Amino acid sequence: MRLPAHPSSVPTARLFVVDALKGWGQLDLADDAALCVSELASNATLHGGGDGFFEVTMSTRPGAVRIAVADDGPVPMEAVVPRRAVRSTTPDPLADEPATGRGLAIVARLADDWGVEATAAGKSVWLRLASGTDQSVPAPRSAPAPASPGPTDLPDGWHAVQLRACPVALSLRQDQHLDELVRELQLVDAGPRAASSDLAGVIERLLGRQAHARNTGR
């Protein structure tokens with residue numbers, strides 16, 4: 001299914017997955033599949049950086065299903081990794097994660113396996129759900145390792161900058177805060193009030209111009 005890269009498309013993607021599982025007689029996987037595709041579709045629309053469409057594809061095997069969400073955004077596949085909390089003060093390891101950092105952590109915990117692949121237009125994040133999966137496994141074997149891009153990996157016209165003695169935890173938290181701000185603006189942009197939506201759309205586009213640099217730095 002091909003859908004506009006817009007937050008309002010996420011419920012449609014979720015319904016598509018659940019209906020397919022119902023038709024295949026695999027409703028035992030529906031809850032986990034719906035949650036995972038919601039997270040991946042939200043990432044594609046809110047953080048993918050594209051302005052066109054995203055695609056959801058599914059295939060089935062006995063006792064398992066494969067779901068993939070592809071987008072055409074400029075965010076590199078190396079940036080598609082779950083964020084891990086530095087420390088947790090609660091039994092829930094996701095409780096201290098910022099709102100925009102939980103999606104891939106949820107997918108990694110629920111899926112039997114997952115990964116990310118480059119496509120001709122951008123990237124595709126896929127996952128495999130199997131009946132009876134041990135959900136205590138924190139790191140699926142196909143998850144990509146964080147890369148360390150060098151100056152040669154930058155787009156034409158970009159330059160490498162070194163931040164010396166940078167407080168890393170503070171820098172990452174600022175980055176997460178900006179992600180949360182962009183998310184809120186995009187959700188407002190999807191709302192019914194024309195004046196608020198127009199203004200939010202303008203601000204979001206201004207902030208979104210630096211998405212590639214921020215994800216490369218991350």
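So, how was this worked out
- Residues numbered from 1 in each chain as written.
- Predicted model: local features only at pLDDT ≥ 70, side-chain atom pairs only at ≥ 80, totals over all residues.
- Heavy atoms only, no water.
- Buried < 20%, exposed > 50% of the residue type's maximum accessible area, 1.4 Å probe, protein only.
- Helix = DSSP H or I, 4+ residues; strand = E, 2+ residues; numbered from the N terminus.
- Contact = heavy atoms within 4.5 Å.
- Polar contact = N/O pair within 3.5 Å; in protein donor to acceptor, adjacent residues only side chain to side chain.
- Core = buried A, V, L, I, M, F, W, Y, C linked by side-chain atoms within 4.5 Å.

## Observations regarding helix α3 (residues 103-110)
Burial within α3 is extensive, with 7 of its 8 residues counted as buried. Of all the residues in α3, the buried ones are Gly103, Leu104, Ala105, Ile106, Val107, Ala108 and Leu110. Among the structural elements, α2 (30-46), β4 (113-118) and β5 (123-130) are those in contact with the buried residues of α3.

## Details of the side chain of Gln26
By the element assignment, Gln26 lies in the loop between α1 (10-24) and α2. There is a polar contact of 2.7 Å between the side chain of Gln26 and the side chain of Thr60. One polar contact links the side chain of Gln26 to the main-chain carbonyl oxygen of Ala64, over a distance of 3.0 Å. Ignoring anything within four residues of it in the chain, the contact list for Gln26 reads Leu21, Thr60, Arg61, Gly63, Ala64 and Val65.

## Describing the nonpolar core
Nonpolar side chains tend to gather and get buried jointly when the protein is soluble and globular. One finds Val17, Leu21, Phe54, Val56, Ile67, Trp114 and Leu127 to be the most contacted residues of the largest nonpolar core, which totals 31 residues. Contributions of two or more residues to this core are made by α1, α2, β2 (53-61), β3 (64-71), α3, β4 and β5. Sorting elements by how many residues they give to this core places α2 first, with 7 residues. Apart from the residues within four sequence positions on either side, Val17 is in contact with Ala33, Val37, Val56, Met58 and Ile67.

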